[in-house]
Amino acid sequence: CSFCTIPLARGKSRSQTISETLRTVQEVSKTEAKEVVLTGVNLGDFGVQNGENFYDLLIELDKIDGIDRYRISSIEPNLLEDRIIDFVSKSNKIMPHFHIPLQSGSNTILKSMRRKYERELYADKVHKIKSLMPNCSIGVDVIVGYPGETDEAFLETYNFIKDLEVSYLHVFPYSERAQTTAAKLKDKVHQYKRNERTEMLRILSEKKKQAFYNSQLNTEHFVLFENEEKNGKMYGFTANYVKVETDYDPLL
């Protein structure tokens, strides 16, 4: 992407093979860990240089005993294939929780960012997920104040997200990075505008999160609690990433 320095720092994209990943997970399955989070800079491209793919990895992981949960950390919308969504909807181990970077709801800005999709594809993915998994949690990454983002372009993003059935946002004010294409662009957005837009989207995120949490009231879920105590309370997450509080109980 035009704003990203990761390739400069990381070099050529690479990943483990499916068999290497399975060996790692099998080792983890011998410990007390119950959840494995699949992480990477670009998960959807997993295995490309090995002639493998992320979908086949999920199928194999689903077969391993001793791990109750897999969580997909973040996956690009253009690489979130419909067959992945279908498989997650049927799996008992892969959590109904997607984090899908959007970055902008304006096709003009997406093109300038060199993102490999348009907003329509993003909306299609969200609708597909929610049609198969109504209780699925969907997180969104957004960058505000990218060069050339006019008030109108920002409002496109704001209204696009407002109307989407997503659960929370991770909002980042654009910041220049040396040696990136975006750093050379004109039409910079003033810092106060970046901050103002960030705050607007963070408020929207809180509203989205509250609405999603409210939709889960009076429902039953399995919760994986974390091993920490705070003022006599402990915390964990449902499969669909709702944070739960209860009285501390070491047995949990």
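Up top you'll find the structure we're talking about.
What counts, and where the lines are drawn
Residues numbered from 1 in each chain as written. Predicted model: local features only at pLDDT ≥ 70, side-chain atom pairs only at ≥ 80, totals over all residues. Heavy atoms only, no water. Core = buried A, V, L, I, M, F, W, Y, C linked by side-chain atoms within 4.5 Å. Buried < 20%, exposed > 50% of the residue type's maximum accessible area, 1.4 Å probe, protein only. Helix = DSSP H or I, 4+ residues; strand = E, 2+ residues; numbered from the N terminus. Contact = heavy atoms within 4.5 Å. Salt bridge = Lys/Arg side-chain N within 4 Å of Asp/Glu carboxyl O. Expected span 1.5 Å × (residues − 1). Polar contact = N/O pair within 3.5 Å; in protein donor to acceptor, adjacent residues only side chain to side chain. Pairing = 2+ DSSP bridges. Axes fitted to C-alpha atoms, helices over the stretch in contact; angles between N-to-C directions. Left-handed = near helix turned anticlockwise from the far one by under 90°. Nonpolar A, V, L, I, M, F, W, Y, C, P; charged D, E, K, R; others polar. Arc of directions from axis to C-beta.

Attention shifts here to the nonpolar core. Ranked by internal contacts, the top residues of the largest apolar core, which has 46 residues, are Phe 54, Ile 72, Phe 98, Ile 129 and Leu 201. With five residues, the single largest contributor to this core is helix 3 (residues 54–61). Other than its neighbours up to four places away in sequence, Phe 98 contacts Ile 72, Ile 75, Leu 80, Ile 85, Val 88, Ile 129, Met 133, Cys 136, Ser 137, Ile 138 and Gly 139. In this structure, Phe 3, Met 113, Tyr 174 and Ala 182 belong to the second largest nonpolar core, which totals eight residues.

Once that is clear, we can look at the pattern of salt bridges. Once the charged atoms of two side chains with opposite charge are near each other, the side chains can pair. Counted by the stated rule, this structure contains 15 salt bridges. Between Asp 82 and Lys 125 there is a salt bridge, with the nearest N and O atoms lying 3.1 Å from each other. Taken together, the residues Asp 82 in helix 4 (residues 82–90) and Lys 125 in helix 6 (residues 119–132) connect sequence positions 43 residues apart. The partner of Lys 128 in a salt bridge is Asp 86, with the nearest N and O atoms 3.1 Å apart. Taken together, the residues span a long stretch of sequence, with Lys 128 in helix 6 and Asp 86 in helix 4 at a distance of 42 residues. Here Lys 128 falls in the partly exposed class, since its relative accessible area comes to 24%.

Attention now moves to helix 8 (residues 191–215). Because the α-helix completes a turn every 3.6 residues, residues three or four places apart line up on one side. Taking 1.5 Å as the rise per residue, helix 8 with 25 residues should run 36 Å; its terminal C-alpha atoms sit 36 Å apart, in good agreement. What helix 8 keeps buried is the set Lys 193, Arg 194, Arg 197, Thr 198, Leu 201, Leu 204, Ser 205, Lys 208 and Phe 212. Buried-residue contacts for helix 8 involve helix 6, strand 4 (137–144), helix 7 (151–162) and strand 5 (168–173).

Turning to its location among the elements, Tyr 117 is positioned in the loop between helix 5 (107–112) and helix 6. Separated by 41 residues in the primary sequence, Tyr 117 and Glu 76 have C-alpha atoms spaced 9.3 Å apart. Among residues more than four places away in sequence, those in contact with Tyr 117 are Glu 76, Pro 77, Asn 78, Pro 101, Leu 102, Gln 103 and Leu 110. A polar contact is formed between the side chain of Tyr 117 and the backbone oxygen of Pro 101, at a distance of 3.4 Å.

Another aspect to go through is the sheet that holds strand 4. Across the sheet, three strands lie side by side as 3-4-5; this open sheet has parallel pairing. The open sheet has two free edges, formed respectively by strand 3 (97–103) and strand 5, since each of these has just one partner strand. Taken over all neighbouring pairs, the strand axes of this sheet differ in orientation by 15° on average, direction set aside. As paired strands, strand 4 and strand 5 are joined by six bridges and run parallel to one another. Residue pairing for strand 5: Val 142 is matched across the bridge by Val 171. Along the sheet, helix 7 makes contact with strand 3, strand 4 and strand 5, crossing strand 4 at roughly 175°.

Let us look at the sheet that holds strand 7 (residues 233–238). The strands that make up a sheet pair up through hydrogen bonds in the backbone, lying either parallel or antiparallel. Spatial strand order, 6-7-8: three strands in an open sheet with antiparallel pairing. Each of the sheet's edge strands pairs with one partner strand only, and the pair in question is strand 6 (223–225) and strand 8 (243–247). Taking the axes of each pair of neighbouring strands and ignoring which way they run, one obtains an average angle of 40° across the sheet. One ladder, built from three bridges, connects strand 6 with strand 7; its direction is antiparallel. Opposite Phe 225, over in strand 7, you have Gly 236 as the bridge partner.

What follows deals with the pairing of strand 4. Judged by how many residues are buried, strand 4 sits mostly within the fold: eight of eight residues are covered. Here strand 4 shows two buried faces, one formed by Ser 137, Gly 139, Asp 141 and Ile 143 and the other by Ile 138, Val 140, Val 142 and Val 144. Where strand 3 meets strand 4, six bridges bridge the pair, whose relative direction is parallel. For Gln 103, the partnering residue across the bridge sits in strand 4 and is Val 142.

Another point: the packing of helix 2 (residues 18–29) against helix 3. Here helix 2 crosses helix 3 at 35°, and the two axes come no closer than 10 Å. Handedness of the crossing formed by helix 2 with helix 3: right-handed. The segment helix 2 lies against helix 3, with Ile 18, Thr 21, Leu 22 and Val 25 engaging Asp 56, Leu 57, Glu 60 and Leu 61. Of the residues assigned to the contact of helix 2 with helix 3, the class counts are five nonpolar, one polar and two charged.

Moving on: helix 2. Taking 1.5 Å as the rise per residue, helix 2 with twelve residues should run 16 Å; its terminal C-alpha atoms sit 16 Å apart, in good agreement. Those residues of helix 2 lying buried are Ile 18, Thr 21, Leu 22, Val 25 and Ser 29. Looking straight down helix 2, one finds its buried side chains confined to an arc of 100°; they lie on one side.

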